Amino acid sequence: MTITDRPAIRSAVKSLGEVALRVNNLLEMRRFYEDVLGLEVLGAFGTAVLLRIADGYGGHTQVLGLFDRSVPVGPEHTTVDHIAFTIALEDYESERQRLETLGLDVEVKNHDWIGWRSLYFRDPDGNEVELVCYDPALGKSPTK
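Counting starts from 1 at the beginning of each chain's written sequence and moves along it residue by residue. For this predicted model, a pLDDT threshold of at least 70 governs which residues receive local features, and a threshold of 80 or more governs which side-chain atom pairs are given and counted, while totals over whole chains, interfaces and linings are taken from all residues. Here the side-chain values reflect all heavy atoms present in the structure, with hydrogen atoms and water set aside.

Caption draft 1: Inspection of the packing of aromatic side chains at higher detail. Two aromatic rings from Phe, Tyr or Trp, using only the six-membered ring of Trp, form a pair when their centres are within 6.5 Å; if the ring planes differ by under 30 degrees the pair is stacked, by over 60 it is edge-to-face, and anything between is tilted. Counted under the stated rule, the structure contains two aromatic pairs. When the ring of Phe 32 is compared with that of Tyr 33, the centres are 5.0 Å apart and the planes differ by 80°; the resulting orientation is edge-to-face. Only protein chains enter the accessibility calculation, which uses a 1.4 Å probe; a residue is then buried when its area is under 20% of its type maximum, exposed when over 50%, and partly exposed in between. On the basis of relative accessibility, which here comes to 0%, the residue Tyr 33 falls in the buried class. Each ring, one from Phe 32 and one from Phe 121, has its centre 6.4 Å from the other, and the planes form 50°; the classification is tilted. On the criterion of sequence distance, the pair formed by Phe 32 in helix α1 (residues 26–35) and Phe 121 in strand β7 (residues 116–122) is long-range, its members being 89 residues apart. Residues Phe 32 and Phe 121 agree in their burial class; the two are buried. Put simply, DSSP H or I for four residues or longer makes a helix, DSSP E for two residues or longer makes a strand, and each gets a number counted from the N terminus.

Given below as structure tokens:
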């Protein structure tokens, strides 16, 4: 059976639970995610730091886990393409300005097909971070 042959299923996924990054410099990465994005440390464990993203779904806190690359737990390089954090549309422009003021190279992109506005930038290890919000004005056909 191929993916196209199987019956459609309704996803049980409700929210992001955790993203884990293997990092080269745990202290630098912790500071970045605390100072730039304002994430709160839930726990620090020597070779790992767990940061709170948001409340999440069903009592499970959304978490960003930073794990020191020296701990032998998988491939030598991260396979994460990017991580995205949802922001409010009204915070979009002020966040762009704030990130640029911090000296980050911010790429602005509209995803008209789905109605998303995104800000892309890199963390100290080179992982792409996205701040994304829904904008109902995107993707609409012009009035005729």
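Caption draft 2: Structural detail: the pattern of salt bridges. One speaks of a salt bridge when a side-chain nitrogen belonging to Lys or Arg is within 4 Å of a carboxyl oxygen belonging to Asp or Glu. Counted under the stated rule, the structure contains six salt bridges. The salt bridge partner of Glu 34 is Arg 30, with a shortest N-O separation of 3.0 Å. Of the two residues, Glu 34 and Arg 30 both sit in helix α1, four residues apart, roughly one turn of that helix. Of the residues examined, Glu 34 reaches a relative accessible area of 28% and is grouped as partly exposed. Asp 135 is paired through a salt bridge with Arg 117; the nearest N and O atoms lie 2.5 Å apart. Note that Asp 135 is positioned in the segment after β8 (128–134) and Arg 117 in strand β7, a separation of 18 residues in sequence. By relative accessible area, Asp 135 is classed as buried at 7%. Three or more residues are tied together by salt bridges with common partners; here these are Glu 93, Arg 96 and Glu 100.

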